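# An overview of the molecular structure
Residues per chain are reported as follows:
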Amino acid sequence: MSDLFEASGIHPPDAPLADRLRPTTLDQVVGQDHLLGEGGPIRRMVEGGRLGSMILWGPPGTGKTTIARLLARAAGYEYQQISAVFSGVADLKKAFEAARMRRAAGQSTLLFVDEIHRFNRAQQDGFLPFVEEGIVTLVGATTENPSFELNGALLSRSQVFVLKRLDDEALDQLLTRAEAQEGKTLPLTPEARHALLALADGDGRYLLTMSEVLFGLSGEAPLDVQGLAGTLQKRAPAYDKSREEHYNLISALHKSVRGSDPDAALYWLARMLNGGEDPLYLARRIVRMAVEDIGEADPLSLLVANAAKDTYDFLGSPEGELALAQAVVHLSTAPKSVGVYEAYKAAARAARETGSLMPPAHIRNAPTKLMKSLGYGKGYQYDPDTPEGFSGANYFPDEMERRVFYAPKGEGHEAKVKERLDRWAALRAHMKAE
């Protein structure tokens, strides 16, 4: 329930700067014009006078709570807020019952649920009948991918709107408003002001929190970049090893290596290490890149990747991380081939289809007289002893047509491999014709 300050629109004198600068209209919200600007989907809802249930998905400090409050005010709905971090089933029941009573009196309710992904699946199911009956208009806020964290049934009854991290222009607008609110400029050189925007990393609330510290400094000389760094604590990277960000970043690293971009690959590697990722997890993924995307185009890549893992095991952090960086650069700059990867997948499919066929008799071992009498090993040619070092014998089951699984394109080392395979294929065809 709103307190007297909030109901009157007046902030208490000791309120944080971020609260004192909270927008009072949707037009004052920065950085989300794709949703709130002219023709934006949320703007159209407001202009139509009827709100639908929605999920606001975006990074911290991008305006999710503010937008929910302003939507309720613009549409004339009663605003009710609960947090999934502090609320349980009993709190939900009270919220729904209060909304039902308001509805009976002709008043609509906007129920804002902060961190909605923290509610479990059963609790999320509890929203469904109240959303369907229109007892509440649900506005949920989440920093996590709704596809992974929210029930499909709840998503089907809501629109998902993605809020963008605030860019430098939007963040600078917030700084200008903060300076107008405080009646003075931030004590920063132009370079330090730009560095402050970078430190905020798209989070408007964090930017204003840092600004409040800077406004409180005494002294006449503006801070340079080094002075700013000494005044403010470094922000921990926005990275959670168990959440979507983890998968986004490892995907970016893998695709940068696959795309032969060592600079981007090093950036994503550093992002994950700085975020606290397990270096051995990264080492395993680097080994996978070597076998999946490079293969026989550069067989050395697998050795380099494994050596990086062993080096990290031996040295630990931070020295061992340099071995991971070396492996990433080597793999990024190596020729690429999925020949072995695709060949194995094709062979695995064939093995599932023909898994009961025996090898041809001539390549079966014959350790007993019975086996020899059955023709095991008969006619086997030892390839290194043949004039060409190649016998052209059939090594597939007799009941199975010869198939080609491995088809190198000729990148890097595979160019020589392809040349040999083509020569052997020609020899095989010539021997079969004779």
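The notes below deal with the structure included here. Everything quoted here is computed from the prediction, not taken from an experiment. (Residues numbered from 1 in each chain as written. Predicted model: local features only at pLDDT ≥ 70, side-chain atom pairs only at ≥ 80, totals over all residues. Heavy atoms only, no water.)

## Focus on a negative patch on the surface
- Taken together, the side chains of Asp 33, Asp 167, Asp 168 and Glu 169 define an acidic patch exposed on the protein surface.
- Relative to the elements of secondary structure, Asp 33 occurs in helix H3 (residues 33-36). (Patch = residues over 30% accessible without salt bridge, like charges linked within 9 Å, V, L, I, M, F, W, Y side chains within 5 Å. Areas by Shrake-Rupley, 256 points an atom, 1.4 Å probe, with all protein chains shown as cover. Salt bridge = Lys/Arg side-chain N within 4 Å of Asp/Glu carboxyl O. Lys, Arg positive; Asp, Glu negative; His and termini not counted. Charge placed at Lys NZ, Arg CZ, Asp CG, Glu CD. Helix = DSSP H or I, 4+ residues; strand = E, 2+ residues; numbered from the N terminus.)

## Details of the pattern of salt bridges
- All chains considered together, the criterion is met by 17 salt bridges.
- Arg 193 is paired through a salt bridge with Glu 179; the nearest N and O atoms lie 2.8 Å apart. Taken together, the residues Arg 193 in helix H12 (residues 190-200) and Glu 179 in helix H11 (residues 168-182) connect sequence positions 14 residues apart. Pair check on accessibility: Arg 193 and Glu 179 agree, each one buried.
- Where Arg 288 meets Glu 292, a salt bridge forms, and the shortest distance between an N and an O atom there is 2.7 Å. (Buried < 20%, exposed > 50% of the residue type's maximum accessible area, 1.4 Å probe, protein only.)

## So, the packing of H12 against helix H13 (residues 204-215)
- Direction vectors running N to C along H12 and H13 enclose 135°, while the axes themselves pass 8 Å from each other. Classified by the interaxial angle, the pair formed by H12 and H13 is oblique. As for the relative orientation of H12 and H13, their crossing is right-handed in sense. Contacts between H12 and H13 involve Leu 196, Leu 197, Leu 199 and Ala 200 from the former and Tyr 206, Leu 207, Met 210, Ser 211 and Leu 214 from the latter.
- Its residues placed into classes, the contact of H12 with H13 shows eight nonpolar, one polar and no charged. (Axes fitted to C-alpha atoms, helices over the stretch in contact; angles between N-to-C directions. Parallel < 35°, antiparallel > 145°, perpendicular 65-115°, else oblique. Left-handed = near helix turned anticlockwise from the far one by under 90°. Contact = heavy atoms within 4.5 Å. Nonpolar A, V, L, I, M, F, W, Y, C, P; charged D, E, K, R; others polar.)

## So, the side chain of Thr 386
- Relative to the helices and strands, Thr 386 is located in the loop between helix H21 (369-373) and helix H22 (414-433).
- At a separation of 2.7 Å, a polar atom in the side chain of Thr 386 contacts the main-chain carbonyl oxygen of Asp 383.
- Among the polar contacts listed, one links the side chain of Thr 386 to the backbone nitrogen of Phe 390, at a separation of 2.8 Å.
- When near neighbours in sequence (up to four residues on either side) are disregarded, Thr 386 contacts Gln 381 and Ser 391. (Polar contact = N/O pair within 3.5 Å; in protein donor to acceptor, adjacent residues only side chain to side chain.)

## Quick word on the sheet that holds strand S2 (residues 78-83)
- The five strands lie next to each other as S2-S3-S4-S1-S5, forming an open sheet whose pairing is parallel. A strand with exactly one partner marks an edge of an open sheet, and here the two such strands are S2 and strand S5 (159-162). Strand after strand, the sheet turns through a mean of 20° between neighbouring axes, direction not considered.
- Helix H4 (residues 41-48) rests against strand S1 (54-57) and S5 of the sheet, and its axis sits at about 125° to S5. (Pairing = 2+ DSSP bridges.)

## Remarks on the packing of aromatic side chains
- Applying the stated rule across the entire model yields seven aromatic pairs.
- Consider the rings of Phe 390 and Trp 424, whose centres lie 5.7 Å apart with planes at 5°: the pair is stacked. With Phe 390 in the loop between H21 and H22 and Trp 424 in helix H22, this residue pair connects regions lying 34 residues apart in the sequence.
- Through a chain of ring-to-ring contacts, three or more aromatic side chains come together here, namely Phe 96, Phe 119, Phe 127 and Phe 130. (Phe/Tyr/Trp six-rings, centres within 6.5 Å; stacked < 30°, edge-to-face > 60°.)

## Quick word on the pairing of strand S4 (residues 137-142)
- Among the six residues in S4, six count as buried, and that is most of the element.
- Covered by surrounding structure in S4 are Thr 137, Val 139 and Ala 141 together with Leu 138, Gly 140 and Thr 142, the residues of both alternating faces.
- Where S1 meets S4, four bridges bridge the pair, whose relative direction is parallel. Pairing of Ile 55 across the sheet is with Gly 140, part of S4.
- In terms of strand pairing, strand S3 (residues 109-114) meets S4 through four bridges, oriented parallel. Its bridge partner lying in S4, Val 113 is registered against Gly 140.

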